[in-house]
Each structure stands twice: as structure tokens, then as C-alpha cells.
Protein chains: 2
Amino acid sequence: MDHSESKHFRAAVTVDNVVFGFDGKQLKVLLIYRGAEPFKDRWALPGDFVPLDENLNQSAIHVLRSLTGLENIYMEQVHAFGDVNRHPFGRVYTIAYYALIKVEDYQVQASSWAEEAAWFPINEVPELPFDHVEIMEFAKQQLRNKIRTQPIGFELLPKHFTLTQIQELYEAVLERKFDTRNFRKKLLSMNLISETGYRQTDVSHRPAMLYKYDTKRYNRFLERGFSFDI
Amino acid sequence: MDHSESKHFRAAVTVDNVVFGFDGKQLKVLLIYRGAEPFKDRWALPGDFVPLDENLNQSAIHVLRSLTGLENIYMEQVHAFGDVNRHPFGRVYTIAYYALIKVEDYQVQASSWAEEAAWFPINEVPELPFDHVEIMEFAKQQLRNKIRTQPIGFELLPKHFTLTQIQELYEAVLERKFDTRNFRKKLLSMNLISETGYRQTDVSHRPAMLYKYDTKRYNRFLERGFSFDI
DNA sequence: AAGCATATTGTAAAAACTACAACAATTCGC
DNA sequence: GCGAATTGTTGTAGTTTTTACAATATGCTT
């Protein structure tokens, strides 16, 4: 093991965030319009270098805030990417994170060297630079795995939501249809959500009951470990 | 985004491998006795720096071969660790991988700067340097998750194995007991293993039927995606 | 008031899971 | 050679979960 700095301490590390949002119909991903080289003037995942004096996980949070204004977000590491030629400026590793946000709660706002920030439907993203396509695929797959075994779907929904909305979220993420009766039966049997007592307004049809996510019960389940396989 | 090399290109990246093996009774992990600083003369996960001109995933394979002689191993990335002070020599990220091997198939042999290589029962590992304890915990958890949903257990078993052995493997990894009848029923219903026609020899009791893993069927299942939840 | 749009709910059959114990095959000691 | 010891092998009934399937309810619009 040769620790001479000249030999090894010449790499850079970035974080790239795959931010998922759900607008009630479609699963979307947040991209920024790059105002800096390389790949200036291209849409890309919000990502940036990790400062030498900042912990990796902290940096993921900071990068996301700095480029998009988003704070206090559910985030999780996805994967490390380290092909030799993945970055034109040298040996740059990237650690990918995914984030889930309630679209309604946040006003996304480009800042720093991001010129714009915008939501794209997951199946209509423009060409992406670097290995960002591969990164997105990894993140999507991880979201799929996770949403089947943990109730993270709530991170993507508004505080009050209808059963139809949550079913459409699951259908969007997992790319398949569920039988409404069976889906509701299973979902309600977990006792993770409860009625708010309110109903939808301003809809031109029978208004749906609004539900909320029961944090207490969720935490109790988390402690014991449990499965949310739908 | 500031790309000046002076600012960002000063990090190093290592890979650390958590190599799991199963000896028929216990789940074990492979450690090396470090013959180089830092933490010389301590048992640690086999890991080393990633050369600047080598892809990350390739490097994980090379590092494992270079330190232990192991080749052609099932490996998968676990997680990236990047706390500022995790390495005494500077900003060193590490990407953890786990590997599964059939203990009988390989003769582990320390080389390069590893002075020894030895198997430790998973619950009797010595004190580990760096953040290697955390890394091992992550790897164990990932092994647990994976073995429940994919038939990777076979990577740990000899080519011919008994149903008791595979049950003991699952019990060791998941740290719980299974009912023998129900376990076998479920396992056999997947049609992933078949009888070899041979039986155990040299045992002082009724010899068990030896089974083998059916690669064709496994590949067919993998294509469709499937669950191996036991 | 009729029509439209979406919300809501039950049931029966099939499949999967769980709990549980007796008999089988081999070696060993006598 | 035989009984004891050890581990291997197998079935069933009760319970729970999953699946497939369609009629009615509620509010709005015209």
C-alpha cells in the first residue's frame, strides 16, 4: 500500500441527486440547466463537488439546497460511480443520492451555477451528460425496490391525499396497474393512514375522502421492522 | 462550480471488500492482517487504493485478488463512505463491496502487503480500524436483504449440498430458525435445485441427499424478475 | 332530472403460510 | 446382530393472504 500523495490523492468526488416528485399523476425528476462547464447549457442532475472538509452525506444535502433551494428532504444514497472516463476534467467519482419531495411543499428555485431548475416526467427527460442516464436508472430501480418494502410513498404525497392518488403514485413508480379494491384493502389493513374527516373540494364529481399518514404508527412499525410489500 | 484542480482533485478513493463465506455451520468473514500503515499489524477488511487509471468496479476485483488470491467471485457494491476524518492520511473515500464465496473452492492466500488472511466467524471479529465496523454492518444488512429476495445463497454453498446445509445457511445469515418442513417445501417449490442422485458419505447417521443448483432455471427466473422471499 | 365522472365497497375461490410429529436410514457400541 | 443414537425426510389441517371480479354511491353539470 503506497500512500504517497502524489500517487493517490488526485481524485475528485461529486454528489449527484436524483430528486423525485409526484404531481398527482406523473412521477417526475428534477433537473437543472447547467451554467458551468463541462456540459454548460445542458440539462443535468443537480450535482457538485464535495468540499474536502465536508462529510459525504452532509454534502449531498448542501448541494441540493445550493442548486435548487430544497431543504429538509428525505434522501438516501444510491450508488457510487467511478469509471475512469466518466468526467472530462479528470478522475471524478460521483456518489448518487435519491431524494423524495412533496412537490406542493416546495418552490424549487435555481441558484448558484444552476440557471434553471425544472421538473421532467420520468419518461421524458432530455439527453443527459456524464453517466447521468445510468445514475437515473439506478435511482429509479432503488425507488421501486424501496417503495415495495417501506412506506416511503408518503414522502412524495401531499399531507392530505386521496386513496386514488396514492394508488396512482404506486402505479407510476412500479409501472403497473393495481386492482382498486385489493389495493385499498391492503393499504388500509396496515393502519398507516387514517381519514382526516375532510373531503376533496372543487372537483366535478363525487369528492374523495382525504387521508393522512399516521406518523406514530409508522415509527412503531419501523422499530419492529416490517414489510410494506404491495 | 469551480473545477480548479488545486481545490478539488485532492481526494483518494479506496475499495474495501467484505468477503462472506459459509463453512457449513457458520457465516464467516475474511480479514487480512495489515502489513502497512496506517493500522499496521491490525486485522482489517481487505481494501486498497483505486488506481487513477482503473474503473471502480474493476478495482474492487483486482484489490481482492491482489490481497487474498481470490478470483471470479460474486461481488456487489454496498455503499460509499466519506466522512472527513475516516482515514488518518487525508481525505479518503471508500467504496464498500461485498463478495460471496464457496469456502471449499478457494484457497485464500495473503499477498501484497497483507501478511495473513483468515476467516472469522461473523460474530467474533476482532476490533477493526477505520470505519470497518460500520462497513461490515452495512454489508451484513445488504446480504440479509439480498438473500431474502434473490437466490444468492448458492454462491456460498458447495456445488453439491444438502437441504440441511442450505437451511443452516439461511438461519446463519438471517439469524433466525426455520421450520424444516416448511423451509424445504418452499425451497423445492421454486424448482431452483434438483437432486444429484448422490448422497452424503462418511456421516454416522442417515446420509442426506445431495442437491445441486439449477443454473438454467435460475437464469430464466432472473430474466422475468422474481422473488425468493423465505 | 338525467347524465357524467369518479369514489367506494364485498365475496368467493385459490394460494400461501403456519404449526406440528412420526417414521426412515445409517452408524456405533455392545 | 441388535438396540441406541443421530440426523433425514415427509404430510395435513387450520388460518391467513391473495386474487379476480362489478354494482352502487355521491356530487357536479347541463
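All chains use their own residue numbering, which begins from 1 and follows the written sequence. Lettering for chains starts from A, numbering for ligands starts from 1, and both go in the order in which the items are written. The predicted nature of this model means local features are confined to residues of pLDDT at least 70 and side-chain atom pairs, given and counted, to a pLDDT of 80 or more, with totals for whole chains, interfaces and linings taken over all residues. The side-chain values count all of the structure's non-hydrogen atoms but skip hydrogen atoms and water molecules.

## What to know about the relation of the copies chain A and chain B
Phase 1: Note on the identical chains: chain A maps onto chain B by a rotation of 180 degrees and an axial translation of 0.0 Å, with an RMSD of 0.0 Å. Such a turn and shift between the copies fits a two-fold axis. The atoms used to superpose the copies are C-alpha atoms, taken from residues with pLDDT of at least 70 in both, and the fit is least squares.

## Structural notes on the protein's contact with DNA strand D
Phase 1: Taken together, the neighbourhood of DNA strand D is formed by 18 residues, with Asn182, Lys186 and Arg206 of chain A together with Lys185 and Met209 of chain B sitting nearest.
Phase 2: Proximity is defined per residue: if any heavy atom of the residue lies within 4 Å of a molecule or strand, that residue is considered near it. Near the protein, meaning within 4 Å, the atoms of DNA strand D are sugar or phosphate in a fraction of 44%, with bases accounting for the rest.
Phase 3: The term polar contact refers here to a pair of N or O atoms within 3.5 Å; inside protein, the definition further demands a hydrogen-donor-capable atom paired with an acceptor-capable atom, and it admits residues adjacent in sequence only when both atoms are side-chain atoms. A distance of 3.0 Å separates a base nitrogen of DNA strand D from a polar side-chain atom of arginine 206 of chain A.
Phase 4: Among the elements of the structure, helix 5 (180-189) of chain A together with helix 5 (180-189) of chain B are those that each provide at least two residues to the surface near DNA strand D.
Phase 5: Sorting elements by how many residues they give to the surface near DNA strand D places helix 5 of chain A first, with four residues.
Phase 6: Gly falls in the polar group here, along with every residue not listed as nonpolar (Ala, Val, Leu, Ile, Met, Phe, Trp, Tyr, Cys, Pro) or charged (Asp, Glu, Lys, Arg). A class-by-class count of the residues in the surface near DNA strand D yields four nonpolar, five polar and nine charged. Going along the chain from the N terminus, every DSSP run of H or I of four or more residues is numbered as a helix, and every run of E of two or more is numbered as a strand.

## Some remarks on the interface of chain A and chain B
Many structure descriptions define interface size as the accessible area lost when the parts assemble.
Phase 1: Note on contacts: a residue pair is in contact if any heavy atoms of the two residues lie within 4.5 Å. Facing the 40 residues of chain A at the interface are 40 residues of chain B.
Phase 2: At the boundary of chain A with chain B, total buried surface from both sides reaches about 3400 Å², with 63% on carbon and sulfur atoms.
Phase 3: One can count 17 residue pairs in polar contact (both at pLDDT 80 or more) joining chain A with chain B.
Phase 4: Mapped onto the side of chain A that touches chain B, the elements with two or more residues apiece are helix 1 (5-8), strand 1 (12-22), strand 4 (47-49), strand 5 (74-81) and strand 6 (92-101) of chain A.
Phase 5: Among the elements that take part in the side of chain A that touches chain B, strand 5 of chain A stands out by supplying four residues, more than any other.
Phase 6: Considered class by class, the residues forming the side of chain A that touches chain B number 20 nonpolar, nine polar and eleven charged. Buried area is a sum: the accessible area each of two parts loses on coming together, probed at 1.4 Å, counted once for each and added.

## Regarding the side chain of arginine 86 of chain A
Residue and element names in this part refer to chain A.
Phase 1: Note that arginine 86 resides in the loop between strand 5 and strand 6.
Phase 2: Arginine 86 gets classed as buried once you look at its relative accessible area, which sits at 8%.
Phase 3: Looking at arginine 86, its side chain comes within polar contact range of the main-chain oxygen of valine 92, at 2.7 Å.
Phase 4: When neighbours within four sequence positions are excluded, arginine 86 is seen to be in contact with Asp16, Phe81, Val92, Tyr93, Thr94, Phe130, Asp131 and Ile135. Accessibility here uses a 1.4 Å probe with only protein chains present; expressed as a share of the type maximum, an area under 20% marks a residue as buried, one over 50% as exposed, and anything in between as partly exposed.

## So, helix 3 (residues 132-149) of chain A
All names here are of chain A.
Phase 1: What a helix is expected to span follows from its residue count: subtract one and scale by 1.5 Å. Along its 18 residues, helix 3 runs 26 Å from first to last C-alpha, staying within 8% of the 26 Å computed at 1.5 Å per residue.
Phase 2: Listed as buried for helix 3 are His132, Ile135, Met136, Ala139, Lys140, Leu143, Arg144, Lys146 and Ile147.
Phase 3: Against the buried residues of helix 3 lie strand 1, strand 2 (27-34), strand 3 (43-44), strand 5, strand 6 and helix 4 (163-174).

## Observations concerning the protein's contact with DNA strand C
Phase 1: Arg184, Lys185 and Met209 of chain A together with Arg206 and Pro207 of chain B are the nearest of the 18 residues found near DNA strand C.
Phase 2: When the atoms of DNA strand C within 4 Å of the protein are grouped by moiety, sugar and phosphate amount to 46% of the total.
Phase 3: Separating a base oxygen of DNA strand C from a side-chain N or O atom of lysine 185 of chain A is a distance of 2.8 Å.
Phase 4: When contributions to the surface near DNA strand C are tallied by element, the ones reaching two or more residues are helix 5 of chain A together with helix 5 of chain B.
Phase 5: Ranked by residues supplied to the surface near DNA strand C, first place goes to helix 5 of chain B with four residues.

## Points about the pattern of salt bridges
Residues and elements named next belong to chain A.
Phase 1: Note on definitions: salt bridges are taken to be side-chain nitrogens of Lys or Arg within 4 Å of carboxyl oxygens of Asp or Glu. Under the defined criterion, the tally for this structure stands at 24 salt bridges over all chains.
Phase 2: One salt bridge connects aspartate 16 with arginine 86, and the closest N-O pair in it is separated by 4.0 Å. Of this pair, aspartate 16 sits in strand 1 while arginine 86 sits in the loop between strand 5 and strand 6, and the two are 70 residues apart along the sequence. There is no split in this pair, since aspartate 16 and arginine 86 are both buried.
Phase 3: Put simply, Asp16, Arg86 and Asp131 are held in one network by salt bridges that share partners.

## Concerning the pairing of strand 5 (residues 74-81) of chain B
Residues and elements named next belong to chain B.
Phase 1: Most of strand 5 sits out of view: six of its eight residues are buried.
Phase 2: If DSSP finds at least two bridges between two strands, the strands pair. Bridge count for strand 5 against strand 6 (residues 92-102) is seven bridges, and the pairing is antiparallel. Its bridge partner lying in strand 6, glutamine 77 is registered against tyrosine 97.

## Focus on the packing of helix 4 (residues 163-174) of chain B against helix 5 of chain B
All names here are of chain B.
Phase 1: Lines fitted to C-alpha atoms define the axes here, with helix axes fitted over just the stretch in contact, and angles between the N-to-C directions of these axes take values from 0 to 180 degrees. Where helix 4 contacts helix 5, the two axes come as close as 11 Å, and the packing angle between them is 100 degrees. Considering the angle they form, helix 4 stands roughly perpendicular to helix 5. Contacts from Leu163, Thr164, Ile166, Gln167 and Tyr170 in helix 4 reach Thr180, Phe183, Arg184, Leu187 and Leu188 in helix 5. Put simply, angles under 35 degrees are roughly parallel, angles over 145 are roughly antiparallel, angles from 65 to 115 are roughly perpendicular, and the rest are oblique.

## Remarks on the packing of aromatic side chains
All names here are of chain B.
Phase 1: Aromatic pairs are defined between Phe, Tyr and Trp rings, using the six-membered ring for Trp, whenever the two ring centres lie within 6.5 Å; interplanar angles under 30 degrees are classed as stacked, those over 60 as edge-to-face, and all others as tilted. Across all of its chains, the model carries 24 aromatic pairs over all chains by this definition.
Phase 2: Residues phenylalanine 39 and phenylalanine 130 carry aromatic rings whose centres are separated by 4.8 Å and whose planes lie at 70 degrees to one another, so their mutual orientation is edge-to-face. Taken together, the residues span a long stretch of sequence, with phenylalanine 39 in the loop between strand 2 (27-34) and strand 3 (43-44) and phenylalanine 130 in the loop between strand 7 (114-121) and helix 3 (132-149) at a distance of 91 residues.
Phase 3: The exposure class assigned to phenylalanine 39 is partly exposed, which follows from its relative accessible area of 30%.

## Details of the environment of arginine 184 of chain A
All names here are of chain A.
Phase 1: Here arginine 184 is to be found in helix 5.
Phase 2: Separated by 174 residues in sequence, arginine 184 and arginine 10 place their C-alpha atoms 54 Å apart.
Phase 3: Ignoring sequence-local partners within four residues, the contact set of arginine 184 consists of Leu163 and Thr164.
Phase 4: At 3.3 Å, the side chain of arginine 184 forms a polar contact with the side chain of threonine 164.

## A word on the pairing of strand 1 (residues 12-22) of chain B
All names here are of chain B.
Phase 1: Most of strand 1 sits inside the fold, with eleven of its eleven residues counted as buried.
Phase 2: Of the two faces of strand 1, both are covered, the one formed by Ala12, Thr14, Asp16, Val18, Phe20 and Phe22 as well as the one formed by Val13, Val15, Asn17, Val19 and Gly21.
Phase 3: Inspection of the sheet shows strand 1 paired to strand 6 by eleven bridges, in the parallel sense. For valine 15, the partnering residue across the bridge sits in strand 6 and is isoleucine 95.
Phase 4: The pairing of strand 1 with strand 4 (residues 47-49) spans three bridges and is classified as antiparallel. The residue bridging threonine 14 from the neighbouring strand is phenylalanine 49, located in strand 4.
Phase 5: Strand direction decides the pairing type here: strand 1 and strand 2, joined by four bridges, are antiparallel.

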